[in-house]
Amino acid sequence: MSHAEWLLPSIVFVPFAAAILALGIGRITGRHTGILMVLTAVGSFVQGLQLLQASWAGAPAEFIRPWIPGLNIQLGLRGDAFGLFFALLISGIGALVGAYSIPYMPRLAPVRLGQYYAALLAFMGSMLGVALSDDLILLFIFWEITSLASFLLIGFWYEQEDARHGAMTALLVTALGGLAMLVGFIIAGLVSGTFSLSQLTQDSALRRTLAGSPLFEPALLLILGGALTKSAQWPFHFWLPGAMVAPTPISTYLHAATMVKAGVFLLGRMLPLFGDAPTWSLVLVPVGLGTLVLTAFQAMGETDIKAILARTTLATLGLLTFLYGLKAPQQDALQMLSHAAYKGALFLVAGIVEHATHTRDIRQLGGLRRKMPVTFWICLLAALSMAGVWPSFGFLAKEALYDTLLQGTVLTGWGPPWVVIALAVLANALLFAVACRIVIGVFLGRPAPHVEHAHEPGAGLWLSPAILAATALAFSLFAPLSGELVNRFSSSPRADLHLSLVPTHLGPLVLSVVTAVLGILLYIGGRGTEGAGRAVLPTMQRLWDGLLDAVIAAAIGFSRRWQSGSLRWYFSGTLAFTVGLCGTALWWAGVPILRAPISLAEMPWYGLVLCGMLTVSAVMVVRSATRIGAAIALTTNGFLTALIFVVYRSPDILLTQILIESVSTIFILLVIYFMPPFRTERLSAMARLLNLGIAGAVGLAMFVFILLSTSPAFRETRNLAADYLTRSMAEAGGANAVNVIIVDFRAIDTNGEITVLVVVGLVVFGLLRARRKTT
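**Description of the confidence of the model for the chain**
Logical step 1: On average, the chain scores 84 in pLDDT, and the residues at 70 or more come to 92%.
Logical step 2: Contacts of residues 532-537 to residues separated by more than four positions or lying in other chains number seven contacts, the stretch itself having pLDDT below 50.

Below you can see the structure in the form of structure tokens.
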């Protein structure tokens, strides 16, 4: 195996090993465990750079090992350009977040800080797995690990109700979407015959096979469900603002740069496979455009800086979803990189502001420019990029968007193109106004009274956002080189963007001017209205909470009605369901029960006597007034059943049955010794009638199945007895066929029965030991 192939599993799995190490050393190193995260992230970043050359040469490195051959599932990783771009984004920002966390996190218990970095490392590893997975099932596993890790990270301040609520909401929404996506993956894999993502997207024959299946549309919708929930697109957009209760480094890493981009990243992966379907565009275009406009508008009504940034993040994700819906993926890497740079910097700046002033409420901030000049300039550079002001990197991304909408044919079939363009301009104008709110509301104007003691933090806090802002500026200043880079990183092999700070087309420039003017007007008109629409805006959050409340209320009602604590009631329900299931199976299979032959011609007189005695002993079991009497009657019934095998001349089974009955009798008597006094239940006439009906139904069902299993007309045509007798000596080396059947041929059944017996014994023992002693 080549060195490049080993780099792929190293990039993905080393962070998981580092997470385990962080749990161990965290109790000693405390906040300095962040150094381990920085080193791990830098290592993954450097290894990703080493794989780029092979990817750009057209021969991406692959690591493929059989995993579950019977299901055609492989441990497959692939370092293509788009996957490596996403991996570099994850590891690069992961290193900056790790470095930022060291001075940012408060002085907590070392163990808890170790858990913090362990969860961050596990999240980084799972996101790298999503980026580089080439097997759909493996991708799903990493996908769900991201949900679990984000649950731990969002709920880091678990002492707070808001943190627990936000973490649970994020987990439920994204995990449910992931399960839907799994079903879509399974359908695609079973129909096409492979779970390999590269084969599915590159082999035209496989794509035609999948497209011709009646399950193509369901698979598409299920996979879109997973992508839209992960990227918090409407109507699932409500979970992201609620996750802002997490510490700022977590919000930066999960919700600005990586996790929420996993959904749109998946859309880029699935576009070659499902892009030709009309449903693809019919779902993604309105959802993406609607999310873009709606969340940009909602950002104007927020007062928490992180909530404002979360809404604008949703807007950018909506833009990417919209572009994928239009089948215009050429600028996906450009938009992702631009957003990660400026939004990551802004989130980290929000953490610095909160660290210095102990508030994120923009209404209580202002005038911090003189007290925090370095932070101000970092924020200004990042905000200019978010607003799309020349000469920022965001300006290039916005110009590329307008050029695509104006020059291409991507809007064909979507009504008047000017409507879509006008909505895109409106959304960008709202983002412009939001950028003005952040810069002016936090750093300019008159200083707020309670932030007089704010001061510039140390370099440990402002260095990471400064690197992100400087990176964005460098990409804009070297626009032609940046254009070549993002073209190579794009999911589209036909990407051909030409980036330049000197506008080459009049149309995009005019729209940029309109965006800026409209943005200024929106900012001026929106001052003083913050929070005014809050009662109306979180509609989907209220619907979700109402749905969860309804589910909980239904569960409580069900428990109160059905979980009554009566073992008799539980047995009755279980047995009634079993009888109903058996009857349904017989009816569905069309088994003619009445044709089963019943003949007692070969039954000797002592066999009939044994049957009568069995009936009497069974009646004695249920009619006994004491436990010891019921146990003796039950034991009698078991030994009489053993004598039935005398009638059928089966001495080996007779001995086995006698042994089992002897052990069971001892076990039952030991249990009875420890049990509390016997109390007779006084049942109503209706309860007795119900018990009689269920008992009769169970007895009838068992009779029917035994009758069918022993009837020559219904049992297997293969002579199992002769087969076992023939194979017992040759294959198992045993002359006793019964023993061979129990120990070899049906060993799994025997092992299961032993396991059940042991577990039941342990449970009974535990229950009896836990019983309260009466005084």
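Here the narrative resumes, following the displayed structure.
**Quick word on the packing of helix α5 (residues 136-154) against helix α6 (residues 161-192)**
Logical step 1: Following both chains from N to C, one finds α5 and α6 inclined at 175 degrees, their axes separated by 8 Å at the closest point. Classed by the angle they form, the pair α5 and α6 counts as roughly antiparallel.

**A closer look at the pairing of strand β2 (residues 73-79)**
The side chains of a regular strand alternate between the sheet's two faces.
Logical step 1: With five of its seven residues buried, β2 lies for the most part within the structure.
Logical step 2: When strand β1 (residues 61-68) meets β2, the two strands line up antiparallel, connected through seven bridges. Looking at β2, one finds that arginine 65 is bridged to leucine 75.
Logical step 3: Between β1 and β2, which pair antiparallel in sequence order, lie four residues; one of them, asparagine 72, sits at a positive phi of approximately 60 degrees.

**Quick notes on empty space enclosed by the protein**
Logical step 1: Going through the model one piece at a time under the given rule, you end up with two cavities of 30 Å³ or more.
Logical step 2: Lining the largest cavity we find 17 residues, and of these Leu319, Gln335, Tyr342, Met386 and Asn428 sit closest to its centre.
Logical step 3: Of all the secondary-structure elements, those providing two or more residues to the lining of the largest cavity are α14 (305-325), α15 (332-357), α16 (373-387), α17 (393-407) and α18 (417-443).
Logical step 4: Approximately 50 Å³ is the volume attributed to the second largest cavity.
Logical step 5: Every residue along the wall of the second largest cavity is listed here: Ile305, Leu309, Leu346, Val349, Ala350, Val353, Cys379, Ile438, Val442 and Phe443.
Logical step 6: At the level of secondary structure, the elements contributing two or more residues to the lining of the second largest cavity comprise α14, α15 and α18.
Logical step 7: Looking at which element gives the most residues to the lining of the second largest cavity, the answer is α15, with four residues.
Logical step 8: Across the lining of the second largest cavity, the residue classes break down as 10 nonpolar, no polar and no charged.

**Thoughts on the layout of surface pockets**
Logical step 1: If you add up the space inside the second largest pocket, you get close to 960 Å³.
Logical step 2: At the level of secondary structure, the elements contributing two or more residues to the lining of the second largest pocket comprise α2 (34-56), α3 (81-104), α7 (197-202), α12 (261-274) and α20 (479-489).
Logical step 3: Each residue belonging to the lining of the second largest pocket can be placed in one class, and the counts come to 11 nonpolar, 13 polar and nine charged.

**With respect to the nonpolar core**
A general feature of soluble globular proteins is that nonpolar side chains tend to end up buried together.
Logical step 1: If you look at the biggest cluster of nonpolar residues, it comprises 195 residues, and the most contacted ones within it are Trp239, Tyr253, Met270 and Trp280.
Logical step 2: Sequence-distant contacts of methionine 270, that is, excluding residues within four places in its chain, are made with Leu136, Phe185, Leu197, Ile223, Gly275 and Trp280.
Logical step 3: Core analysis: the next-biggest nonpolar cluster, separate from the first, contains five residues, Leu610, Leu640, Ile644 and Val647 among them.

**Brief notes about unusual backbone geometry**
Outside of glycine, negative phi angles account for most residues, and trans bonds account for most peptide bonds.
Logical step 1: Cis geometry marks the peptide bond from tryptophan 234 to proline 235; its omega dihedral reads 5 degrees.
Logical step 2: Turning to its location among the elements, proline 235 is positioned in the loop between α9 (216-230) and α10 (239-242).
Logical step 3: With omega at 5 degrees, the peptide bond leading from tryptophan 390 into proline 391 counts as cis.
Logical step 4: Relative to the assigned elements, proline 391 resides in the loop between α16 and α17.
Logical step 5: Look at alanine 232: it is not a glycine, yet its phi comes out positive at around 55 degrees.
Logical step 6: With respect to the helices and strands, the residue alanine 232 is situated in the loop between α9 and α10.
Logical step 7: Phi angles above zero are rare outside glycine, and histidine 358 is one such case at about 65 degrees.
Logical step 8: Considering the arrangement of structural elements, one finds histidine 358 in the loop between α15 and α16.
Logical step 9: Take histidine 358: its relative accessible area is 71%, and that puts it in the exposed class.

Scoring rules and cut-offs
Residues numbered from 1 in each chain as written. Predicted model: local features only at pLDDT ≥ 70, side-chain atom pairs only at ≥ 80, totals over all residues. Heavy atoms only, no water. pLDDT = per-residue confidence, 0-100. Contact = heavy atoms within 4.5 Å. Axes fitted to C-alpha atoms, helices over the stretch in contact; angles between N-to-C directions. Helix = DSSP H or I, 4+ residues; strand = E, 2+ residues; numbered from the N terminus. Parallel < 35°, antiparallel > 145°, perpendicular 65-115°, else oblique. Buried < 20%, exposed > 50% of the residue type's maximum accessible area, 1.4 Å probe, protein only. Pairing = 2+ DSSP bridges. 1 Å grid on protein atoms, 1.4 Å probe; cavity = no way out; pocket = protein on both sides within 12 Å on 5 of 7 lines; lining within 4 Å. Points joined across faces, edges and corners; volume = space filled by probe spheres on them. Nonpolar A, V, L, I, M, F, W, Y, C, P; charged D, E, K, R; others polar. Core = buried A, V, L, I, M, F, W, Y, C linked by side-chain atoms within 4.5 Å.

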